[in-house]
Each structure stands twice: as C-alpha cells, then as structure tokens.
Amino acid sequence: MAGVALGGYIVERSLEIGDRSLLVLLNGLTAAGLYFLMASGFTLVFGLVRVTNLAHGGLYLLGGYTALSLQRMTGNWFIAAGLGAVATAGLSTVLYLVLRRVHGDGLPETMLTLGAAIVMADQALANWGGVPSDLDPPAALRGSIDLPGSILLYPKFRLSVVAMAMLAGLCLWLLLYRTRLGSTIRASVDDRDMVSILGIRVELVFCTVFALAGALAGLAGAAGGTYLSLAQGEDNRILLASLIVVIAGGLGSIGGAAVAAVVIGLVEAFAQTHHAIFSVLITFGTLIAILVLRPHGIFGSQQDERA
Amino acid sequence: MRNLGAGRSWRILAALAAVVVLAASCGDDDSTADTPSAGTEPVEAPAGATDTDGGTDADDSMEEPSAGDAEASSDDSSDGSASDEGGSSDDAGTAEAIEPITIGAISTLDGPFAALGDFSMHGVKLALLEYGGTLDGDATRDTVTGAEVAGVPIELVIEGSDATPDVAVEATRRMVEQDGANIVIGPLSGDEGLALKDYIREHPDVTLVNGTSASQDLTLRDPSPNVFRFGGDGAMWTFGVGTYAYEELGHRRIATVAEDYSYPYDQVGAVLTEFCALGGTVAERIWVPLGTQDYSSFVAQIPDDVDAVFFAMGGTDAINFVKQYDEFTGQAIPLIAGPTAVDQSVLNELGSRAEGLISSGPVVDDSGLAEFDAFAEYLDDVFPGQTPNIFNVYYYVATRSALQALEEVGGDLSDGSAAFQAALAQQSWTTPIGPVVLDDNRQAVVDMYLRRVTDGAQATIETLPLVNATLGFDRDAYIAQGSFSRDNPSCG
C-alpha cells in the first residue's frame, strides 16, 4: 500500500518538473566524476590488497586542504592540486607500510584504517580549523558558460570535473591494460601467490597501488574542495558515497566503479531534484536493487567463490 | 585469496558497520578524549566531599552552601567567606573548601558547525573571566579556572556535540550525571535544544540556559520550568523580513530554500506568516538535508518566475549554497537571507557574494550601543582577531545572566535551585545587543535589527524594538496555529 502511494507520488512529481532534464543530467555527471575519482582508487586497493580502506575519505580531506594551503602560497590551482595529490600519495604509502604488518588479518586491518581515518580528521581540524573554505578554480575555468541555445548556465569547473574523471579513467585503463605494471597488478589481483612465486616483488606492486589510490583521492579532494567546499565531516560523507559506488560497481572493478559512479550520480541528482524527501531512500534503494540483481555488483566477478 | 565468496560479503558488512562506528565515533571521540582533562577537575572536588556519583551529588552540593548561605550573602564583601564558613559550621572540617558550582557548556565542537562551537566557547569564557577566572589555555576545550561568585568557586566543564540531538543529550548527560554540572549553558542548534529540554526536564534541580538553539518550542509550547532563553528564537530572528520584502522591496511571490529541521522551519514560517498575511504567495518551499554539499539539484528546483528567494541555512551550508546559487544563476533572482546565513561568523567566507543581502537578526555591527562596542573590544582583547557574532554574543549573554543570578542568591543552589531559578527569571539588563527581559515562559523579549550586508559587515536598516515570541501577534491565536513545519503556515 505504502509502495503504491510512494510510486504514485514519484510519478506525479516527475510530471510536475519536466523541463530540467539537461541540468539534472549534468549535475549527475559532475557528482559521478567526483565519485569515480574516489571510488577508482578505493576499489583498486580492495581488489588487490583486500583492505577496506576507511581512511580513503581522510585522504580526500587532507588532499583538499593541502591543495588549499598550497594554492594560497603559489596562487596556482594546478600546482596546488598536483602537489596535494603527491602528498596524499605519500601518506597512503605510509599507511600501507603500517598496514603491511597486519596484512591478511581482516579485522585489525579495517580497525587500523578506521584509526587512521580518525587521526586524519582530527589533524585536519587542528591544522585548518572548523571554518569551511574552498579553493579558487583556475582562472580559465572560473565562472559559468552559456550552453548552446542559452538553455542553461552551467559552471565551467563542474564540467571540467567530468573531464578530469574521464581523463583519470583513461589513464587508469592505459596503465592497467597497456603496461607491464598494469598486467602485474591485474595478475596480483587474480593470484597473488603465483605472481610472488614468479619472482615479482608483490609488496612493491601493492605499495604502488596504494600510492596511486592516495593520489586519486587527493586529486578528488582538490576538485571537490573547489566546486563544493572543504569542511569537517566531508571525509565521512565522501567515504560513504564512494563506498556505495564501489559496492554497486563490484569490489575491485575499475569499470564497475565507472558505471556505478554514473548510475549513482544520476539517480542521486534525479532524486534530489524531483523527490528531495526520498533522495537518500532512492539512492540506497538503487544500491539494493543492483545487489539483488547482481549480488557481487555490476561488474563484480564470482571467481573468488570458485577458488 | 581463496574462499572469499563468504569473505567478500562479510567484508562489505564489516565495512558498513565500520562506517557507522566511524560516524558515531567522530561525534564522540573528542568528547571522550576530552573527559579526562576537562572532567577530572570538577569530579575531584565533589569526591572529596564524599560523593561517589552524580546522582547524589546534586543533593549534596545543594545543601552544603545553603548552610553557610546566610553568612555568605550577608557579608558579601568579605573575601574570607571560605574561612568564615569553615568556622561557622562545625561538622565541616576547616580544611574543606566550599562545594564549587559546576557550569557545563555544550556547543558543536565537531561536525559541520565546528567553527561555530569555537565562537560560542569564547562567549562562555569571557563571562567567566569577568568573575575572576583565568584561561587555562588557548584551545577551545581549555577551561577557565579560578572564577568565583559570592565566594563560591565556579568550575567550567566543556563538552562538544556534532549538532545531532542524540550526541548533545549524551554529552549533557555526562556533564550532569558524571561531572555534576548544576547549570548547563547551550546547546547551539535547534533540534539539540528540543532534545535537551526533554532531558533537563527530568532533572529539575539542574538549570539549562540556552546558548543559540533557536527552536521556537524550546520555550513557546510546553515549556520546562528550568529552561531559560536570553535570546530570540528562529522566528524572532527573522521578524520583519516578510513585511520588508512585501512593502519595501515590492516582492509578491517568493520561493524558499532551507535546511530540513526545526530551526529553518521557524525562519521560513516567520517570513511567510508576515509575507502571506499581507497578500504575498510562496511558489515553492525547497527543503535540503542538513550538511548538503552539492546544491545544484536544489537550485534547479527554484521556479524562474519568483521575485525573490529566501534562504535559511547555517555555517558551511550557507557558504556552499550562496556560492553555487551565484555560479548557476548569477543571482538573477535576488536572495533574502535568514539570520545565521549571513551571520558575522560566515560573512568573511561568503565574501563579495553576500554584499547587499537583506536579513533580520540580533547582531549588527553599527548599533552604536556602548555595551556592544565595549564587548567587541573585550573580545578582541582576550581572543585577538575575533569579532562579535551571534554565537559568542549569545553564549556570553547566557553565561553572564546565570552568573548574575548566582551572585544575587549568593551562590545558593539549595531547594532544587529554586531561589537561583527565580532570580534568573527576573534578570533584566542591557546586553551587548540591547536590553533583555524574560516573559512568563522564560523566553527573552529582545531587540532585533533589519540589516543589510555592507562592506562585509552588517549595517542597520531599522531597529525592531522588543520583539516577543509571538512576533506581536495575538498569543493564543499564534500558539494555536501549531509549530512551524515543512508546510505550516499553509500560505493560501
């Protein structure tokens, strides 16, 4: 009964606001871009090291804040974002070196990343304070553009977040499928012991993946800190969002993360515009629906079960 | 790597559980981490007086000063009241100090309003410094020691919440039941206040002096006898805006965008009550979840054909909304602001985007009140670089009112704080933002200002003297229309 009422309400609201589909589409893609930057690193780490890295949100926040400080120093967004990503890559590597000591032990691993997440959040509060702040977009990407036909005014930087995510996705694909390191990484995902036996230093591969994930999170922090803002609590919000994307996409799958980011981003934007009251319900409902149809996520493989 | 079929789903569960723990711990970790430093001091003193737990603590601490109360209040001027009392009541050993009064201050030290929590603690500390206290340190959670009222030492305990009611209640429970707080100053946000009202009602001997929680129903409907508010509520803070928009700005049809909880309901409700009574209409009421980062989807819902958009948000939300509204629309439709959306605490971050925004609220920078200028100077003196905003002013006024009332009763909290609460209800003084007097529900009647953001400060358009809780409407009729909500008032 309640379902029918809810369904009726959704249809009614959808008819009410009909002419904003392009805006909703772009909003959804922007969100998807940010989610993908976060989720790709998250899922890569999980696929390889089987660690649910709960400090990934902390890396986002610290990356954003570092970029903020650097931008105030240098005045250049790209340098700031780049160095911020380098910093979080380093931090993520350190996290791996600590994590290595309890490797293979699920609970201590998760707890350790949880501890790291809390430390990072408190460090952000101590160093940058509780006042929210944001980065200035680079000069070329400031302001909004009139989309063809003056149908819509859309901020340039939001569009570039989508481009940035697509570029990052392309680079990741090239790395994973066109380089020797990439094939090693993929082989390590499939059978770590065998790769190790072949004389490859698996630890080094893991370290690289952690650094890469850290860099992506830092970059996401700079992007999110520019078109949204940096504030306490952002780390948890983005962690939850990327966790939903990673689970929906299939743990360990970059392609899955991309598809799920777009699906979740669009569903969220649609829900917030047309059914704001139910937006959280609809987003999680989508996740549940995906998991019912594909229990391992959109691109999740079942190979582990056979082993 | 093997047998991970089960392992994988287990991990998902573990991850989700961990996220929940993470979310919970972020509200908690600071406060628990802090309890040893802030909490041990006040606990130690009662422990010396044979108390073991908070339950009995309240009773004991009430009785002790009352014995010496007659002397204390009669020879107020004598500084040696401690030794006086020791001598006069035989069963109390001479070495035993007077039972201190514990003030617990709670604000949002974590989460989206963390910065505002800092400001509010400045206000609390300023008031205690006026009573002989000294700062323990510069950090937010560093307390004030050495303050005294009528010879009774005052201890300060600081707790933080993350703006959620359950965390606020938990933190207050710690202060009241473990640290033995007699007076609680706070909280900061609307729903926290409603939750604390219900909690504090069960502890009639403890007194809650509200900080900046601005839910109407903290005092308007079903008030609790031990809850006091020396400032306005969300509706009072928004007084005059609807009328100004209709009559002076000529708006006839508006849309509203506000956070989805009690305090913004009151702001939107007050604006629409006035605006619609004059004949204005509301095209769309858009409610966004507290802490929303991306407002693009909400900006998209604003109809193109309205004269103005009223937005009611606080802290980070206001900054994000104004920035994105600006990017998406170039402020083609003018904004009218809620009181905290353009409070002095966020004006700096809003920058030039806030220039010219109209709002109503309790604090302006050009009131010319001698008390305001003195407060601003005092604030900058103790906390360099800080300027008055709603949070430091309100927490200061709350703490100061409590201390004044304590002084009048000679620090006597006997008989369930009866004398103290009676004195508190009678407080009437000129605060940095104008005169304050309480109504029968212990709700302040105070001045408000219609204001415009000019050169990054709030400039007065008009002073609205002595605004009361029913905005000048007939009290019974106003109360009968029910609490403001997502769709109350209906507005046509």
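Residues numbered from 1 in each chain as written. Chains lettered and ligands numbered in written order. Predicted model: local features only at pLDDT ≥ 70, side-chain atom pairs only at ≥ 80, totals over all residues. Heavy atoms only, no water.

Asker: Mind showing me how you'd approach the domain arrangement of chain B here?
Answerer: Interfaces are frequently sized by the accessible area removed from exposure as the parts join. Residues and elements named next belong to chain B. Here the domain parsing of chain B yields domain 1 (6–24 + 236–363 + 448–479) and domain 2 (41–82 + 98–232 + 367–443). Taken together, the 23 residues of domain 1 in the interface contact 26 residues of domain 2. With both chains or domains summed, domain 1 and domain 2 bury close to 2,200 Å², and 63% of this area falls on carbon and sulfur atoms. It is Trp 237, Ser 345 and Val 363 in domain 1 that bury the most area against domain 2; as a group they hold 22% of the surface buried on that side. There are zero salt bridges connecting domain 1 and domain 2. Summed over the shared surface of domain 1 and domain 2, the number is seven residue pairs in polar contact (both at pLDDT 80 or more). Elements that contribute at least two residues to the side of domain 1 that touches domain 2 include exactly helix H8 (234–237), helix H10 (262–277), helix H12 (315–329), helix H13 (344–350), strand S16 (444–454) and helix H17 (475–480). Looking at the side of domain 1 that touches domain 2 residue by residue, the classes come out as twelve nonpolar, eight polar and three charged. (Domains from an automatic or database assignment. Contact = heavy atoms within 4.5 Å. Buried area = accessible area lost by both parts, 1.4 Å probe. Salt bridge = Lys/Arg side-chain N within 4 Å of Asp/Glu carboxyl O. Polar contact = N/O pair within 3.5 Å; in protein donor to acceptor, adjacent residues only side chain to side chain. Helix = DSSP H or I, 4+ residues; strand = E, 2+ residues; numbered from the N terminus. Nonpolar A, V, L, I, M, F, W, Y, C, P; charged D, E, K, R; others polar.)

Asker: Could you clarify how one ought to interpret the side chain of B:Thr219 in this entry?
Answerer: All names here are of chain B. Here Thr 219 lies in the loop between strand S7 (207–209) and strand S8 (227–228). Residue Thr 219 is classed as buried on the basis of its relative accessible area of 1%. In this view, Thr 219 contacts Arg 229, Asn 441, Arg 442 and Gln 443; residues no more than four positions away in its chain are not counted. (Buried < 20%, exposed > 50% of the residue type's maximum accessible area, 1.4 Å probe, protein only.)

Asker: Just checking my understanding: could you explain the nonpolar core for this structure?
Answerer: Generally speaking, a soluble globular protein has its nonpolar side chains buried in company with each other. One finds B:Ile154, B:Ile183, B:Ile185, B:Leu403, B:Leu406 and B:Phe420 to be the most contacted residues of the largest nonpolar core, which totals 93 residues. Per element, the largest residue contribution to this core is twelve residues, and it comes from helix H15 (residues 390–408) of chain B. Domain assignment of the residues forming this core places at least three in each of domain 1 (6–24 + 236–363 + 448–479) and domain 2 (41–82 + 98–232 + 367–443) of chain B. Setting aside residues no more than four positions away along its own chain, B:Phe420 makes contact with B:Ile183, B:Thr207, B:Ala402, B:Ala405, B:Leu406, B:Val409, B:Asp412 and B:Leu413. In terms of nonpolar packing, the next biggest core, distinct from the first, is built from 79 residues, A:Leu61, A:Leu216, A:Tyr227 and A:Ile298 among them. (Core = buried A, V, L, I, M, F, W, Y, C linked by side-chain atoms within 4.5 Å.)

Asker: What is the right way to read empty space enclosed by the protein from this model?
Answerer: A probe as big as a water molecule, rolled over the atoms, marks out the empty space that is left. All names here are of chain B. On inspection of all chains with the given rule, the structure shows eight cavities of 30 Å³ or more. There is about 110 Å³ of room inside the largest cavity. If you go around the largest cavity, you meet 15 residues; those closest to its centre are Leu 188, Tyr 261, Tyr 263, Thr 340 and Phe 391. In terms of residue class, the lining of the largest cavity is built from eight nonpolar, seven polar and no charged. Each of domain 1 (6–24 + 236–363 + 448–479) and domain 2 (41–82 + 98–232 + 367–443) accounts for three or more of the residues forming the lining of the largest cavity. (1 Å grid on protein atoms, 1.4 Å probe; cavity = no way out; pocket = protein on both sides within 12 Å on 5 of 7 lines; lining within 4 Å. Points joined across faces, edges and corners; volume = space filled by probe spheres on them.)

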